[in-house]
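Each chain, letter by letter, is given below.
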Amino acid sequence: MKRLVLGVQYDGSCWQGWQTQPSGKTVQDQLEKALSSFAQTPIITACAGRTDAGVHAVEQIAHFDTELDRSMYSWVNGVNAFLPDSVSVQWATEVPFADPDAHDNFHARFSAYARTYHYVLYNNPVRSALLSQRAGWVFRPLDLERMQAAIPFLVGEHDFTVFRAAACQAKSPVKHMYDVQIKQEGSLFIFSLRANAFLHHMVRNIVGALIFVGTGKREPAWIEELISSRDRSLSAPTFMPDGLYLARIDYDPKWCLPQRKMEADFHFSPFV
(Lines give C-alpha, C1' and ligand atoms only; values in the text may rest on other atoms or scores of the structure.)
Protein backbone atom coordinates (compact mmCIF):
# COMPACT_ATOMS: atom_id res chain seq x y z
CA MET A 1 0.00 0.00 0.00
CA LYS A 2 1.23 3.49 -0.90
CA ARG A 3 0.16 6.90 0.39
CA LEU A 4 0.17 9.55 -2.31
CA VAL A 5 -0.16 13.29 -1.78
CA LEU A 6 -1.55 15.70 -4.38
CA GLY A 7 -1.36 19.46 -4.81
CA VAL A 8 -4.75 20.44 -6.25
CA GLN A 9 -5.69 23.78 -7.75
CA TYR A 10 -9.25 24.82 -8.51
CA ASP A 11 -11.59 27.61 -9.48
CA GLY A 12 -14.35 27.22 -6.93
CA SER A 13 -16.89 29.51 -8.60
CA CYS A 14 -18.75 26.66 -10.28
CA TRP A 15 -18.56 24.14 -7.41
CA GLN A 16 -20.47 23.64 -4.16
CA GLY A 17 -17.31 23.68 -2.09
CA TRP A 18 -14.78 20.93 -1.47
CA GLN A 19 -16.62 18.32 0.58
CA THR A 20 -18.53 15.58 -1.22
CA GLN A 21 -22.31 16.02 -1.51
CA PRO A 22 -25.13 13.93 -3.01
CA SER A 23 -25.28 16.35 -5.95
CA GLY A 24 -21.76 15.37 -6.95
CA LYS A 25 -21.04 19.03 -7.72
CA THR A 26 -18.07 19.45 -5.40
CA VAL A 27 -14.32 19.47 -5.97
CA GLN A 28 -13.84 16.32 -3.90
CA ASP A 29 -16.48 14.51 -5.97
CA GLN A 30 -14.76 15.52 -9.19
CA LEU A 31 -11.30 14.59 -7.95
CA GLU A 32 -12.34 11.20 -6.62
CA LYS A 33 -14.26 10.46 -9.81
CA ALA A 34 -11.17 11.30 -11.89
CA LEU A 35 -8.83 9.32 -9.64
CA SER A 36 -11.12 6.30 -9.70
CA SER A 37 -11.47 6.46 -13.48
CA PHE A 38 -7.71 6.67 -13.92
CA ALA A 39 -6.98 3.92 -11.40
CA GLN A 40 -9.95 1.75 -12.41
CA THR A 41 -10.73 1.27 -8.72
CA PRO A 42 -12.56 3.41 -6.11
CA ILE A 43 -10.35 6.01 -4.41
CA ILE A 44 -11.28 8.13 -1.39
CA THR A 45 -9.36 11.30 -0.53
CA ALA A 46 -8.74 13.38 2.58
CA CYS A 47 -7.90 17.08 2.32
CA ALA A 48 -6.11 19.71 4.39
CA GLY A 49 -9.11 22.01 4.73
CA ARG A 50 -12.63 22.04 3.35
CA THR A 51 -13.42 25.17 1.33
CA ASP A 52 -16.91 26.63 0.86
CA ALA A 53 -18.87 27.14 -2.33
CA GLY A 54 -17.26 29.80 -4.50
CA VAL A 55 -13.88 29.61 -2.72
CA HIS A 56 -10.79 28.88 -4.79
CA ALA A 57 -7.53 27.06 -4.07
CA VAL A 58 -4.06 27.87 -5.31
CA GLU A 59 -2.83 24.70 -3.63
CA GLN A 60 -5.16 22.41 -1.73
CA ILE A 61 -3.46 19.31 -0.35
CA ALA A 62 -5.12 15.91 -0.51
CA HIS A 63 -3.93 12.36 0.11
CA PHE A 64 -5.15 8.86 -0.67
CA ASP A 65 -3.95 5.26 -0.40
CA THR A 66 -3.48 2.91 -3.32
CA GLU A 67 -1.74 -0.32 -4.29
CA LEU A 68 -1.20 0.82 -7.87
CA ASP A 69 2.36 1.34 -9.06
CA ARG A 70 2.29 4.35 -11.40
CA SER A 71 4.75 7.17 -11.97
CA MET A 72 4.02 10.56 -10.39
CA TYR A 73 3.89 12.02 -13.90
CA SER A 74 1.09 9.59 -14.72
CA TRP A 75 -0.85 10.43 -11.56
CA VAL A 76 -0.77 14.11 -12.52
CA ASN A 77 -1.46 14.01 -16.25
CA GLY A 78 -3.55 10.86 -16.25
CA VAL A 79 -5.91 12.18 -13.57
CA ASN A 80 -6.07 15.64 -15.17
CA ALA A 81 -7.36 14.02 -18.36
CA PHE A 82 -10.50 13.06 -16.40
CA LEU A 83 -10.94 16.40 -14.58
CA PRO A 84 -12.94 19.47 -15.71
CA ASP A 85 -10.96 22.55 -16.71
CA SER A 86 -11.64 24.26 -13.38
CA VAL A 87 -9.82 21.56 -11.35
CA SER A 88 -6.21 20.52 -11.87
CA VAL A 89 -3.71 18.28 -10.08
CA GLN A 90 -0.48 20.31 -10.01
CA TRP A 91 1.83 17.67 -8.56
CA ALA A 92 1.90 14.22 -6.94
CA THR A 93 4.36 12.63 -4.56
CA GLU A 94 4.63 9.51 -2.42
CA VAL A 95 5.24 9.75 1.33
CA PRO A 96 6.50 7.00 3.68
CA PHE A 97 3.69 4.66 4.68
CA ALA A 98 4.93 1.44 6.24
CA ASP A 99 2.09 0.73 8.66
CA PRO A 100 -1.50 1.89 7.97
CA ASP A 101 -2.19 2.02 11.73
CA ALA A 102 0.86 4.09 12.66
CA HIS A 103 0.15 7.43 14.34
CA ASP A 104 3.01 9.23 12.60
CA ASN A 105 1.76 8.70 9.04
CA PHE A 106 1.34 11.76 6.87
CA HIS A 107 -2.22 13.12 6.89
CA ALA A 108 -3.26 16.07 4.73
CA ARG A 109 -5.26 17.62 7.57
CA PHE A 110 -3.71 16.43 10.82
CA SER A 111 -0.06 16.79 9.76
CA ALA A 112 -0.55 20.46 8.85
CA TYR A 113 0.66 23.08 11.31
CA ALA A 114 -0.42 26.26 9.49
CA ARG A 115 -2.75 27.47 6.75
CA THR A 116 -2.59 30.60 4.63
CA TYR A 117 -5.51 32.24 2.87
CA HIS A 118 -5.50 35.19 0.50
CA TYR A 119 -8.48 37.43 -0.09
CA VAL A 120 -8.38 39.54 -3.25
CA LEU A 121 -10.54 42.65 -3.15
CA TYR A 122 -11.27 45.01 -6.05
CA ASN A 123 -11.82 48.60 -4.88
CA ASN A 124 -13.36 50.74 -7.59
CA PRO A 125 -16.62 52.68 -8.08
CA VAL A 126 -17.48 50.31 -10.94
CA ARG A 127 -17.32 46.51 -10.77
CA SER A 128 -14.89 44.62 -13.02
CA ALA A 129 -16.19 42.08 -15.54
CA LEU A 130 -12.76 40.44 -15.79
CA LEU A 131 -12.59 39.85 -12.03
CA SER A 132 -16.11 38.49 -11.69
CA GLN A 133 -16.04 35.54 -9.22
CA ARG A 134 -12.26 36.01 -8.90
CA ALA A 135 -12.24 38.95 -6.46
CA GLY A 136 -14.51 40.62 -3.96
CA TRP A 137 -15.70 44.14 -4.73
CA VAL A 138 -16.08 47.31 -2.64
CA PHE A 139 -17.10 50.55 -4.34
CA ARG A 140 -16.38 52.86 -1.39
CA PRO A 141 -12.75 54.08 -1.14
CA LEU A 142 -10.56 52.04 1.22
CA ASP A 143 -7.75 53.39 3.39
CA LEU A 144 -4.85 50.93 3.46
CA GLU A 145 -3.16 52.50 6.48
CA ARG A 146 -6.32 52.34 8.60
CA MET A 147 -6.70 48.62 7.87
CA GLN A 148 -3.04 47.94 8.53
CA ALA A 149 -3.37 49.70 11.89
CA ALA A 150 -5.91 47.04 12.90
CA ILE A 151 -3.58 44.11 12.17
CA PRO A 152 -1.88 43.94 15.62
CA PHE A 153 -5.26 43.26 17.26
CA LEU A 154 -5.67 40.10 15.14
CA VAL A 155 -2.22 38.58 15.56
CA GLY A 156 -1.63 36.11 18.40
CA GLU A 157 -3.76 33.53 20.17
CA HIS A 158 -7.37 34.66 20.57
CA ASP A 159 -10.89 33.40 20.99
CA PHE A 160 -12.22 34.24 17.51
CA THR A 161 -15.88 33.54 18.31
CA VAL A 162 -16.85 36.94 16.91
CA PHE A 163 -15.64 35.83 13.47
CA ARG A 164 -17.14 32.34 13.67
CA ALA A 165 -20.09 31.13 11.59
CA ALA A 166 -23.10 29.79 13.47
CA ALA A 167 -22.69 26.42 11.71
CA CYS A 168 -19.00 26.09 12.60
CA GLN A 169 -18.15 22.61 13.92
CA ALA A 170 -14.69 23.38 15.32
CA LYS A 171 -14.16 22.07 18.84
CA SER A 172 -12.61 25.34 20.03
CA PRO A 173 -12.84 28.97 18.81
CA VAL A 174 -9.31 29.63 20.07
CA LYS A 175 -6.83 29.88 17.20
CA HIS A 176 -3.33 31.30 16.80
CA MET A 177 -3.03 33.92 14.09
CA TYR A 178 0.62 33.95 13.06
CA ASP A 179 0.55 36.76 10.56
CA VAL A 180 -1.78 39.16 8.73
CA GLN A 181 -0.65 41.29 5.80
CA ILE A 182 -2.56 43.75 3.63
CA LYS A 183 -1.03 45.14 0.46
CA GLN A 184 -2.38 47.30 -2.33
CA GLU A 185 -1.72 46.84 -6.04
CA GLY A 186 -3.53 49.61 -7.88
CA SER A 187 -7.24 49.00 -7.38
CA LEU A 188 -6.62 45.66 -5.69
CA PHE A 189 -6.19 44.97 -1.99
CA ILE A 190 -4.76 41.57 -1.08
CA PHE A 191 -5.31 40.30 2.45
CA SER A 192 -3.07 37.41 3.55
CA LEU A 193 -3.84 35.57 6.78
CA ARG A 194 -1.76 32.74 8.24
CA ALA A 195 -2.89 30.76 11.30
CA ASN A 196 -2.64 27.30 12.80
CA ALA A 197 -6.27 26.77 11.73
CA PHE A 198 -9.36 28.76 10.79
CA LEU A 199 -12.98 28.68 11.88
CA HIS A 200 -15.85 28.43 9.40
CA HIS A 201 -16.16 31.80 7.56
CA MET A 202 -13.40 33.24 9.77
CA VAL A 203 -11.39 34.83 6.94
CA ARG A 204 -14.44 36.31 5.21
CA ASN A 205 -15.71 37.69 8.51
CA ILE A 206 -12.35 39.26 9.32
CA VAL A 207 -12.15 40.82 5.85
CA GLY A 208 -15.67 42.20 6.29
CA ALA A 209 -14.66 43.82 9.60
CA LEU A 210 -11.46 45.26 8.11
CA ILE A 211 -13.50 46.78 5.29
CA PHE A 212 -15.60 48.59 7.91
CA VAL A 213 -12.31 50.01 9.22
CA GLY A 214 -11.00 50.83 5.76
CA THR A 215 -14.11 52.74 4.73
CA GLY A 216 -14.10 54.76 7.97
CA LYS A 217 -17.18 53.18 9.54
CA ARG A 218 -15.09 51.99 12.48
CA GLU A 219 -11.73 52.78 14.05
CA PRO A 220 -8.87 50.23 13.96
CA ALA A 221 -9.19 49.59 17.72
CA TRP A 222 -12.74 48.36 17.09
CA ILE A 223 -11.22 45.02 16.03
CA GLU A 224 -9.86 44.54 19.55
CA GLU A 225 -13.28 45.37 21.01
CA LEU A 226 -14.94 42.85 18.70
CA ILE A 227 -12.62 40.02 19.66
CA SER A 228 -13.14 40.74 23.36
CA SER A 229 -16.92 40.84 22.95
CA ARG A 230 -17.18 37.34 21.40
CA ASP A 231 -20.51 38.56 20.00
CA ARG A 232 -20.92 37.79 16.29
CA SER A 233 -23.89 40.17 16.01
CA LEU A 234 -21.64 43.18 16.68
CA SER A 235 -19.36 42.58 13.71
CA ALA A 236 -19.69 43.18 9.97
CA PRO A 237 -21.66 40.79 7.75
CA THR A 238 -19.86 37.79 6.22
CA PHE A 239 -18.17 39.04 3.08
CA MET A 240 -18.62 37.41 -0.34
CA PRO A 241 -16.60 34.22 -1.10
CA ASP A 242 -15.50 35.31 -4.60
CA GLY A 243 -12.05 36.60 -3.66
CA LEU A 244 -11.05 33.91 -1.17
CA TYR A 245 -8.17 31.57 -2.04
CA LEU A 246 -6.69 28.75 0.00
CA ALA A 247 -3.07 29.56 -0.74
CA ARG A 248 -0.81 27.23 1.23
CA ILE A 249 -0.74 24.50 3.85
CA ASP A 250 2.46 24.19 5.91
CA TYR A 251 3.97 20.82 6.85
CA ASP A 252 7.17 19.53 8.40
CA PRO A 253 9.94 19.66 5.76
CA LYS A 254 10.60 15.96 6.43
CA TRP A 255 7.70 15.12 4.09
CA CYS A 256 9.52 16.77 1.16
CA LEU A 257 6.34 17.97 -0.54
CA PRO A 258 6.99 19.80 -3.85
CA GLN A 259 4.82 22.76 -2.89
CA ARG A 260 4.50 26.07 -4.73
CA LYS A 261 6.19 29.27 -3.67
CA MET A 262 3.55 31.76 -2.59
CA GLU A 263 5.47 34.79 -3.85
CA ALA A 264 4.43 34.12 -7.45
CA ASP A 265 0.79 33.27 -6.83
CA PHE A 266 -0.98 36.63 -6.82
CA HIS A 267 -0.25 39.18 -9.51
CA PHE A 268 -3.64 40.44 -10.69
CA SER A 269 -2.46 43.90 -11.78
CA PRO A 270 -2.78 43.28 -15.56
CA PHE A 271 -6.54 42.81 -15.08
CA VAL A 272 -7.24 46.19 -13.47
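Presented here is a report on the structure given in the accompanying data block. (Residues numbered from 1 in each chain as written. Predicted model: local features only at pLDDT ≥ 70, side-chain atom pairs only at ≥ 80, totals over all residues. Heavy atoms only, no water.)

### Quick look at the packing of helix α1 (residues 27-39) against helix α2 (residues 72-80)
For step 1, the next point in the chain: Direction vectors running N to C along α1 and α2 enclose 115 degrees, while the axes themselves pass 9 Å from each other. Taken together, the axes of α1 and α2 lie roughly perpendicular to each other. The hand of the α1/α2 crossing is right-handed. Contacts between α1 and α2 pair Leu31, Ala34, Leu35, Phe38 and Ala39 from the former with Ser74, Trp75, Gly78 and Val79 from the latter.
For step 2, the next point in the chain: Counted by class, the contact of α1 with α2 contains seven nonpolar, two polar and no charged residues. (Axes fitted to C-alpha atoms, helices over the stretch in contact; angles between N-to-C directions. Helix = DSSP H or I, 4+ residues; strand = E, 2+ residues; numbered from the N terminus. Parallel < 35°, antiparallel > 145°, perpendicular 65-115°, else oblique. Left-handed = near helix turned anticlockwise from the far one by under 90°. Contact = heavy atoms within 4.5 Å. Nonpolar A, V, L, I, M, F, W, Y, C, P; charged D, E, K, R; others polar.)

### Quick look at the packing of aromatic side chains
For step 1, the next point in the chain: Summed over all chains, the structure comprises 10 aromatic pairs.
For step 2, the next point in the chain: Where phenylalanine 106 meets tryptophan 255, the ring centres are 5.4 Å apart and the plane angle is 75 degrees; that geometry is what we call edge-to-face. Taken as a pair, phenylalanine 106 in the loop between β4 (87-95) and β5 (114-123) and tryptophan 255 in the segment after β10 (244-250) lie far apart in primary sequence, 149 residues in all. Taken as a pair, phenylalanine 106 and tryptophan 255 share a single burial class, namely buried.
For step 3, the next point in the chain: Grouped by ring-pair contacts, the aromatic residues Phe38, Phe64 and Trp75 constitute a single cluster. (Phe/Tyr/Trp six-rings, centres within 6.5 Å; stacked < 30°, edge-to-face > 60°. Buried < 20%, exposed > 50% of the residue type's maximum accessible area, 1.4 Å probe, protein only.)

### Some points on the nonpolar core
General note: in soluble globular proteins, nonpolar side chains tend to be found buried as a group.
For step 1, the next point in the chain: In this structure, Leu31, Trp75, Phe163, Phe191 and Tyr251 are the most contacted members of the largest nonpolar core, which totals 77 residues.
For step 2, the next point in the chain: Not counting residues within four places of it along the chain, the set of residues in contact with tyrosine 251 comprises Ala48, Ile61, Phe106, His107, Ala108, Ser111, Ala112, Tyr113, Leu257 and Gln259.
For step 3, the next point in the chain: Within the second largest apolar cluster, eight residues are counted, among which are Val120, Tyr122, Leu131 and Leu188. (Core = buried A, V, L, I, M, F, W, Y, C linked by side-chain atoms within 4.5 Å.)

### Details of the pattern of salt bridges
For step 1, the next point in the chain: For the structure shown, the criterion picks out eight salt bridges.
For step 2, the next point in the chain: In this structure, aspartate 65 engages arginine 3 in a salt bridge whose closest nitrogen and oxygen atoms are separated by 2.7 Å. In this pair, aspartate 65 sits in strand β3 (residues 56-66) while arginine 3 sits in strand β1 (residues 2-10), placing the two residues 62 residues apart along the sequence.
For step 3, the next point in the chain: The exposure class assigned to arginine 3 is buried, which follows from its relative accessible area of 9%.
For step 4, the next point in the chain: In this structure, glutamate 185 engages lysine 183 in a salt bridge whose closest nitrogen and oxygen atoms are separated by 3.5 Å.
For step 5, the next point in the chain: Taking the relative accessible area as the measure of exposure, glutamate 185 reaches 16% and is therefore buried.
For step 6, the next point in the chain: Sharing partners across several salt bridges, the network here consists of Arg194, Arg248 and Asp250. (Salt bridge = Lys/Arg side-chain N within 4 Å of Asp/Glu carboxyl O.)

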